[in-house]
Amino acid sequence: MSDLTYLSLKDVTLAYGKSVAVDRLNLDITRGELIALLGPSGCGKTTTMRAITGLMRPAAGRITLDGADITYLPANKRQVGLVFQSYALFPHLNVFENVAFGLRLKKLGGKALDTKVDGGLDLVGLSHLADRKPAELSGGQQQRVALARSLVMDPKVLLLDEPLSNLDARLRLEMRTELQRVQRESGVTMVFVTHDQSEALALADRIVVMKDGYIEQLGTPEDVYDRPSTRFVADFVGFENIFTTENGKLKTADGEVLLSPGTPIDGTVKGLAWRPSKVALGSGPFSGIVKGSSFAGHAREYLLDSALGPIKAEQPVPHDAYDIGDRIAFDLAPDHAARLTRME
Amino acid sequence: MTGRLLSYVTLTLVLAFLLGPFLIIVAAALSAGETLAFPPQGLSLKWVFKVFEIESFRNSFALSMFLAVFGTLAALILGVPVAYAASRYKLPFRETLRTIVSAPIIVPGIIVGLALLRYLVIPLDVGIGLALFIAHTALILPYAVRVVSASLENLRSDIEEAAVILGSSRAGAFFRVVLPNIRNGILAAFILGFVTSFNQVPVSLFLSGPGVRTLPIDMIWYMEITYDPSVAALAALLAFLSIAIVFLAERFLGFSRYV
């Protein structure tokens, strides 16, 4: 735990009855950071988020926030905000009163309340809809209300559960920009949960990739996208050609294959992975027969059958299409491979 | 064409069947004669006014009103927490709980009435008024639980968590965000409970004593002694009252969504 740590989870274990959802998770977050918890459903990301809000109690471990131990502090005393996936606006209250809800509980009233609520609605650009009921708003507008409702409380950490998943593609882009702007302007520490890698890559300062209750990889978007460190992460971010290695050789169905010379591979590396775009076609020590070919807009994708097993390759368009049945040479350059330290 | 004619005829017959008795009662109530008869002999409002002069009607009306209002309130005070618990928590005996709560409407009223008389009023010397109150509360409870459950089903539970995160206590969240959102369901349950209690006959039949009778029982009792049109007049007045209540409930609550 460094001096800069603001929110820290130490050996946090979370369980529903006897089934463990998150096992001894460690995570340190710096003030003002935007963190994404990324993973498929059931990976423990939402559970982790609920533990930070206090809606769920850890079975073991410690959570500290801003220097204070909040492990057993009830949710209503934590000063943590949460924007629900469903927004969870209060249907009987109008937009103004939804945003004012928490402030009224803090005994704020009169002019101070109005100023604060107006400020919140201003920040998300909804001042003109203050009198509407949630049912009269679009999904995007409801989300902004939920965001304003959390932000006016000046939370120490703002958590967002799948903030973009209920929006259509165009709104998603708009909201993404909006979230970044709000975070910049308010400087609030944000943690959001998502199953969509493109959201995490576009928004986050750092990404926590989770699987089965463990952290698979923690790093910047560039780290995760270009240098996945486990088989799971590599697969998740689109490295479709993944091989186990041993002593610098690829292990395949037919035995071990020597790679073409490149950067030496040390003993901690258990596997190598290539994106389809990093498979060099046309020359190289390997060869395969084209089994499939399809146009994917920006590129043409080929499926090769080779001694290494099936290989997925990609060539930028326009490209003189190889025909199905052609035998072509290809290379897997170690320089272009992601080095995986865990293969299970 | 013939199919259409047939459906009109059927519809008319069904309407006549449903509305006929009501129209006959109204006509009988407006009779100028001395006995309950149809067609009425002459036209007058004298029996309508007579209703308000009969003391036993006034007393039994007051008792019925009391039972309907406070029995329903008691059923709601018991029923709302039951409905809430059943909808929010995974209770181990949820279905059993629902069955037990519904039992009073499944068991025939006549048996409930007899049982209460035989095992509550007689051996324990419980007053008829109290026994009636207990019986009506129990009879309304299933409706209260069912109607309130229906409106809770439509309410997302995460708004309570949202309220808690914004600083409310768990109990506060119930009063601040759950109750206001199921208000219409509770009002609908109240109206349904009120009408059920007010019109209740079989159970109340067993639970009557000297000077303690609910209005429907008092009407039966009155008819056995005095066969004049005042009973018809009272019945017509009660019918109009019920129609007015249901009409207003439908107009302002969309009552039919809940029952």
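All values derive from a computational prediction rather than experimental measurement.

Trainee: Just to check I follow, could you spell out the overall build of chain B for this structure?
Mentor: Of the regular secondary structure elements, chain B holds 12 helices and zero strands. When the helices and strands of chain B are read in sequence order from the N terminus, they spell out α-α-α-α-α-α-α-α-α-α-α-α. Oriented by its inertia axes, the alpha-carbon framework of chain B measures out at about 70 × 65 × 30 Å. The 259 residues of chain B split such that 42% are buried. Taking the intrachain contacts of chain B between residues at least 6 apart in sequence as the baseline, contacts between residues at least 24 apart amount to 70%. Carbon and sulfur atoms provide 73% of the accessible area of chain B, an area that totals close to 14200 Å².

Trainee: In this structure, what is going on with the sheet that holds strand β7 (residues 157-161) of chain A? I would like to understand it.
Mentor: Residue and element names in this part refer to chain A. The strand order across the open sheet formed by six strands is β6-β7-β8-β3-β9-β10, and the pairing between neighbours is mixed. Strands with a single pairing partner mark the edges of an open sheet, and in this sheet they are β6 (80-83) and β10 (214-219). Here the average twist between neighbouring strands, direction ignored, is 20°. As judged from the five bridges shared by β7 and strand β8 (residues 189-194), these two strands associate in the parallel manner. Paired with Leu-159 across the two strands is Val-191, which belongs to β8. Where helix α4 (residues 139-151) meets the sheet, its contacts fall on β6 and β7, and the angle it forms with β6 comes to roughly 175°.

Trainee: Looking at this model, I keep getting lost on the interface of chain A and chain B. Mind explaining?
Mentor: Frequently, the measure chosen for interface size is the accessible area that the parts lose on association. Each side of the interface is counted separately: chain A has 20 residues, and chain B has 18 residues. For the pairing of chain A and chain B, the buried interface totals around 1600 Å² over both sides, and the portion due to carbon and sulfur atoms is 70%. When the area that chain A buries against chain B is broken down by residue, the three leading residues are Asn-76, His-92 and Leu-105 of chain A, summing to 31%. Where chain A touches chain B, the interface holds one salt bridge. With a closest N to O distance of 2.7 Å, Glu-161 of chain B and Arg-50 of chain A form a salt bridge. Put simply, chain A and chain B have six residue pairs in polar contact (both at pLDDT 80 or more) between them. Of the residues that constitute the side of chain A that touches chain B, the class distribution is 12 nonpolar, six polar and two charged.

Trainee: Can you help me understand helix α9 (residues 183-198) of chain B in this one?
Mentor: The periodicity of an α-helix, 3.6 residues per turn, causes residues three or four places apart in sequence to face the same way. Residue and element names in this part refer to chain B. In this model, α9 (16 residues) spans 22 Å end to end at C-alpha, consistent with the 22 Å of a helix rising 1.5 Å per residue. Buried within α9 are the following residues: Gly-185, Ile-186, Ala-188, Ala-189, Ile-191, Leu-192, Gly-193, Phe-194, Ser-197 and Phe-198. Buried residues in α9 make contact with α3 (55-88), α6 (128-153), α11 (215-225) and α12 (230-253).

Trainee: What is the right way to look at helix α5 (residues 169-186) of chain A in this model?
Mentor: Residue and element names in this part refer to chain A. Relative to the 26 Å expected for 18 residues at 1.5 Å per residue, α5 spans 26 Å between its end C-alpha atoms, a close match to the ideal helical length. Residues of α5 that are buried include every one of Leu-171, Met-175, Glu-178, Leu-179, Val-182 and Gln-183, and no others. Viewed end-on, α5 has its buried residues packed into an arc of 130°, placing them on one side of the element. Exposed side of α5, more than 90 degrees from the buried face: Ala-169, Arg-170, Leu-173 and Arg-184 are the residues found there. Positioned one or two residues after α5, Gly-187 has a phi angle of 65°, which is positive.

Trainee: What exactly am I supposed to notice about the sheet that holds strand β17 (residues 309-316) of chain A here?
Mentor: Paired through backbone hydrogen bonds, the strands of a sheet run either parallel or antiparallel to each other. Residues and elements named next belong to chain A. Strand order in the open sheet made by the four strands is β17-β16-β15-β18, with antiparallel pairing throughout. Edge positions in the sheet fall to β17 and β18 (327-331), since each has one partner strand and no second. When strand polarity is set aside, the average angle formed by the axes of neighbouring strands in this sheet is 50°. Summarising the sheet, strand β16 (residues 299-306) and β17 pair through eight bridges and their orientation is antiparallel. Residue pairing for β17: Arg-300 is matched across the bridge by Gln-315.

Trainee: Explain the nonpolar core here, please?
Mentor: Most often, soluble globular proteins have nonpolar side chains that are buried together. One finds Phe-90 and Leu-147 of chain A together with Val-148 of chain B to be the most contacted residues of the largest nonpolar core, which totals 116 residues. Per element, the largest residue contribution to this core is seven residues, and it comes from α6 of chain B. The residues touching Val-148 of chain B, leaving out its near neighbours within four places in the chain, are Leu-76, Val-80, Ala-83, Ile-182, Ile-186 and Ala-189 of chain B.

Trainee: Teacher, can you tell me more about the confidence of the model for chain B here?
Mentor: Do not read the predicted coordinates in detail wherever pLDDT is low. Residue and element names in this part refer to chain B. On average, residues of chain B carry a pLDDT of 86, and 98% of them reach 70 or more. Per-element confidence in chain B is highest for helix α7 (residues 158-165), whose mean pLDDT is 94, and lowest for helix α4 (residues 94-106), whose mean pLDDT is 79. The ipTM for the predicted assembly is 0.83, set against a pTM of 0.80.

Trainee: Is there a simple way to think about unusual backbone geometry in this case?
Mentor: The general pattern is negative phi for most residues beyond glycine and trans for most peptide bonds. All names here are of chain A. With phi around 50°, Asp-11 is a residue other than glycine that occupies positive phi space. Note on placement: Asp-11 falls in strand β1 (residues 5-16). Looking at Asp-11, the relative accessible area reads 32%, which means it is partly exposed. In the Ramachandran plot, Gln-79 falls in the positive-phi region, its phi being about 60° despite a non-glycine side chain. Topologically, Gln-79 is positioned in the loop between β5 (68-69) and β6.

Trainee: I keep staring at the packing of helix α2 (residues 95-105) of chain A against α4 of chain A and nothing clicks. Help me out?
Mentor: The relative placement of two packed helices comes down to the angle between their axes together with the axis-to-axis distance. Residue and element names in this part refer to chain A. Interaxial distance between α2 and α4 falls to 7 Å at its minimum, and their mutual angle equals 30°. Relative to α4, the element α2 is oriented roughly parallel. For the element pair α2 and α4, the recorded crossing hand is right-handed. Where α2 abuts α4, its residues Val-95, Asn-98 and Val-99 lie against Val-145, Ala-148 and Arg-149. Looking at the contact of α2 with α4 residue by residue, the classes come out as four nonpolar, one polar and one charged.

Trainee: Which parts of the structure should I look at to understand a nonpolar patch on the surface?
Mentor: Residues and elements named next belong to chain B. A surface patch of nonpolar side chains, amounting to about 870 Å² of accessible area, comprises Tyr-8, Leu-11, Val-14, Leu-15, Phe-17, Leu-18, Leu-19 and Leu-23. Here Phe-17 lies in helix α1 (residues 2-29). On the basis of relative accessible area, Phe-17 is assigned to the exposed category, the value being 68%.

Cut-offs and rules
Residues numbered from 1 in each chain as written. Chains lettered and ligands numbered in written order. Predicted model: local features only at pLDDT ≥ 70, side-chain atom pairs only at ≥ 80, totals over all residues. Heavy atoms only, no water. Helix = DSSP H or I, 4+ residues; strand = E, 2+ residues; numbered from the N terminus. Buried < 20%, exposed > 50% of the residue type's maximum accessible area, 1.4 Å probe, protein only. Contact = heavy atoms within 4.5 Å. Areas by Shrake-Rupley, 256 points an atom, 1.4 Å probe, with all protein chains shown as cover. Pairing = 2+ DSSP bridges. Axes fitted to C-alpha atoms, helices over the stretch in contact; angles between N-to-C directions. Buried area = accessible area lost by both parts, 1.4 Å probe. Salt bridge = Lys/Arg side-chain N within 4 Å of Asp/Glu carboxyl O. Polar contact = N/O pair within 3.5 Å; in protein donor to acceptor, adjacent residues only side chain to side chain. Nonpolar A, V, L, I, M, F, W, Y, C, P; charged D, E, K, R; others polar. Expected span 1.5 Å × (residues − 1). Arc of directions from axis to C-beta. Core = buried A, V, L, I, M, F, W, Y, C linked by side-chain atoms within 4.5 Å. pLDDT = per-residue confidence, 0-100. Parallel < 35°, antiparallel > 145°, perpendicular 65-115°, else oblique. Left-handed = near helix turned anticlockwise from the far one by under 90°. Patch = residues over 30% accessible without salt bridge, like charges linked within 9 Å, V, L, I, M, F, W, Y side chains within 5 Å.

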